[in-house]
Amino acid sequence: RLDIVPVTNAGTLRQFIRLPWKIYREDPFWVPPLIVDMKKMFDKTKHPFFDHSVADFFIAVQHGEVVGRIAAIQNKNHNRSHNESTAFFGFFESIPDQDVASALLDRAAQWARDRGMHQLRGPMNYSTNETVGILIEGFDSCPCLMMPHNPRYYPELIEKAGFDKAMDLYAWWLLTEKGLNPKIIRVGERVLQEEGIRIRTIDMKKFWDEVEVLKRIYNDAWSTNWGFVPMTDAEFEHMAKDLKTIVDPRVVLIAEKNGEPVAFSLALPDFNQALIKINGRLLPFGLPKLIYYGRRIRQVRVLALGIAKKVQNWSGFGAALYYEAFRRGVAAGYHSCEFSWTLENNDMINRSMRLFGAQIYKRYRIYQKTLPTFSSSSDSTSTACRISSSV
């Protein structure tokens, strides 16, 4: 017997959160998330996503054992921004069993249809501002901070459930020992001098003022990207609060023209290198380990590079930012860097990454499926046989 059970209490939420420890117990590259962070992520009374949108969580139970999970998500801000009626699935996990995966995805699809949605897209953990995508290439290394990881069989499970590719995402890898493309150095230095651009590090003494600067540029710079949803004030502050403890101000840069901030580069130490040591728990020994290994991190992830629209067409401006970010990262002692993620159809940024000397080393995929407005009687019977909404 296979039941799809809604998460309605502390017990089912605990099962939802703990399932990945079962799925990945033999995977040396999985990085256990902090359980305390997961509890905040799914707390509808505290996470700012639920100020404007809705989601429900489900677990798959087979013979009394939890074997899968999924979130069904309606991001109302996304649909307003893109004039769509799209729902999302996220936080997907499943044992290698097509019946389990299909039942979970069917439940999310039914949830979406019940709310008048016309397509289902994912994995997307609330929005493109959070963790998104299924890993389809690059399984032989750990994910960087805030990037997904999954078993190799996940793409097949999703595709056999009737989903097609919507978009691929790239993660780029760069070793600083290889140096920087001389063209980037030449163009970067020229632009900085001729355009009078000042690039400075973030001022941690004015952290929340700086957060406001980053938010304004971020929401402007990314506004035309596929799937992008502007972050609300509460969402941006929520993320900033979570990341403040791991920020290295030496590699968070703001570019100014005539004293006005017009671009930024946000890099963070890859704290996954420390998180993998503590198995999701800060107490009793996790926190000291996190501090110990955190001080030894020599790898960063560039989460975002944003250039305000009014200067995006300036020739060489991106090169100047790349150049300065690289130079300061090396000076800070970092040996390697992941740039992630970029959209496969963002030709300009992808060309820049190649020119920069980076290589694609991981690929992720977002899937989607058109939802029928009604189900045939045979479909309804099939679904009812394997899905139960009972607790």
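For the structure, check the block above.
Residues numbered from 1 in each chain as written. Predicted model: local features only at pLDDT ≥ 70, side-chain atom pairs only at ≥ 80, totals over all residues. Heavy atoms only, no water.

Q: Account for the overall build of the protein, naming residues and giving values.
A: Per the secondary structure count, the protein includes 13 helices and 13 strands. For the protein, whose C-alpha radius of gyration is 22 Å, the value lies close to the compact-globule estimate of 21 Å for 391 residues. Each of the three principal axes of the protein carries a C-alpha extent, and together these read 70 × 50 × 35 Å. The buried share among the 391 residues of the protein stands at 55%. (Helix = DSSP H or I, 4+ residues; strand = E, 2+ residues; numbered from the N terminus. Rg over C-alpha atoms; globule rule 2.2 N^0.38 Å. Buried < 20%, exposed > 50% of the residue type's maximum accessible area, 1.4 Å probe, protein only.)

Q: Report on the pattern of salt bridges, specifying residues and quantitative values.
A: Applying the stated rule across the entire model yields 23 salt bridges. Taking the shortest distance from any N to any O, the salt bridge between Lys215 and Glu212 comes out at 3.0 Å. Taken as a pair, Lys215 and Glu212 lie in helix H7 (residues 207–221) at a separation of three residues, close to a single helical turn. Classification of Glu212 by relative accessible area gives partly exposed; the value is 38%. Here the residues in one salt-bridge network are Lys165, Asp168, Glu344 and Arg365, joined through shared partners. (Salt bridge = Lys/Arg side-chain N within 4 Å of Asp/Glu carboxyl O.)

Q: I'd like a description of the packing of aromatic side chains, backed by residues and values.
A: According to the stated counting rule, one finds 26 aromatic pairs in the structure shown. Summarising the aromatic geometry, the rings of Tyr170 and Trp172 are spaced 6.1 Å apart at their centres and angled 80 degrees between planes, so their arrangement reads as edge-to-face. There is no split in this pair, since Tyr170 and Trp172 are both buried. For the ring pair Tyr218 and Phe236, a centre distance of 6.0 Å and an interplane angle of 55 degrees mean the geometry is tilted. With Tyr218 in helix H7 and Phe236 in helix H8 (residues 233–243), the pair connects residues that are 18 residues apart, well separated along the chain. (Phe/Tyr/Trp six-rings, centres within 6.5 Å; stacked < 30°, edge-to-face > 60°.)

Q: Break down helix H12 (residues 347–356) for me, citing the residues and quoting the values.
A: Restricting attention to buried positions, one finds in H12 the residues Ile349, Asn350, Met353 and Phe356. One side of H12 holds all its buried residues, which, seen down the axis, span an arc of 120 degrees. Among the exposed residues of H12, those pointing more than 90 degrees away from its buried face are Met348 and Arg351. Where H12 is buried, its residues meet strand S7 (164–175), helix H6 (182–194), helix H11 (317–331) and strand S12 (336–343). At the exit of H12 stands Gly357, carrying a positive phi of roughly 105 degrees. (Arc of directions from axis to C-beta. Contact = heavy atoms within 4.5 Å.)

Q: An account of the pairing of strand S2 (residues 54–62) is requested, with residue identities and associated values reported.
A: Sheet topology places strand S1 (residues 2–6) next to S2; five bridges connect them, and they run antiparallel. Paired with Ile4 across the bridge in S2 is Ala60. Across nine bridges, S2 lies against strand S3 (residues 65–74) in antiparallel orientation. Residue pairing for S3: Ile59 is matched across the bridge by Arg69. (Pairing = 2+ DSSP bridges.)

Q: I'd like to hear about the pairing of S7, residue by residue, with values.
A: Pairing geometry for S7 and strand S13 (residues 359–370), over nine bridges, is antiparallel. The residue bridging Asp168 from the neighbouring strand is Arg365, located in S13. Pairing between S7 and S12: seven bridges, direction antiparallel. Residue pairing for S12: Leu175 is matched across the bridge by Ser336.

Q: Describe in detail the side chain of Gln74, supporting the description with residues and values.
A: Take Gln74: it is sitting in strand S3. The class of Gln74 is buried, set by a relative accessible area of 12%. Leave out the neighbours within four places in its chain, and Gln74 touches Phe49, Ser53, Val54, Asn79, Trp111, Arg115 and Met117.

Q: Account for unusual backbone geometry, with residues named and values stated.
A: In the segment running from Gly122 into Pro123, the intervening peptide bond is cis, with an omega of 0 degrees. Mapped onto the secondary structure, Pro123 falls in the loop between strand S5 (119–122) and strand S6 (134–137). Here the bond from Ser340 into Trp341 is cis, since omega is -10 degrees, no more than 30 degrees from zero. Tracing the chain through its elements places Trp341 in strand S12. One non-glycine residue, Met146, lies in the positive phi region at around 65 degrees. One can find Met146 in the loop between S6 and helix H5 (154–160).

Q: Could you give me a rundown of the packing of H6 against H11, with the residues and numbers involved?
A: H11 packs onto H6 with a crossing angle of 105 degrees between their chain directions and a minimal axis gap of 8 Å. The orientation of H6 with respect to H11, classified from their angle, is roughly perpendicular. Here Ile184, Ile185, Val187, Gly188, Glu189, Val191 and Leu192 of H6 come into contact with H11, specifically with Phe317, Ala319, Ala320, Tyr323 and Glu324. Its residues assigned to classes, the contact of H6 with H11 shows nine nonpolar, one polar and two charged. (Axes fitted to C-alpha atoms, helices over the stretch in contact; angles between N-to-C directions. Parallel < 35°, antiparallel > 145°, perpendicular 65-115°, else oblique. Nonpolar A, V, L, I, M, F, W, Y, C, P; charged D, E, K, R; others polar.)

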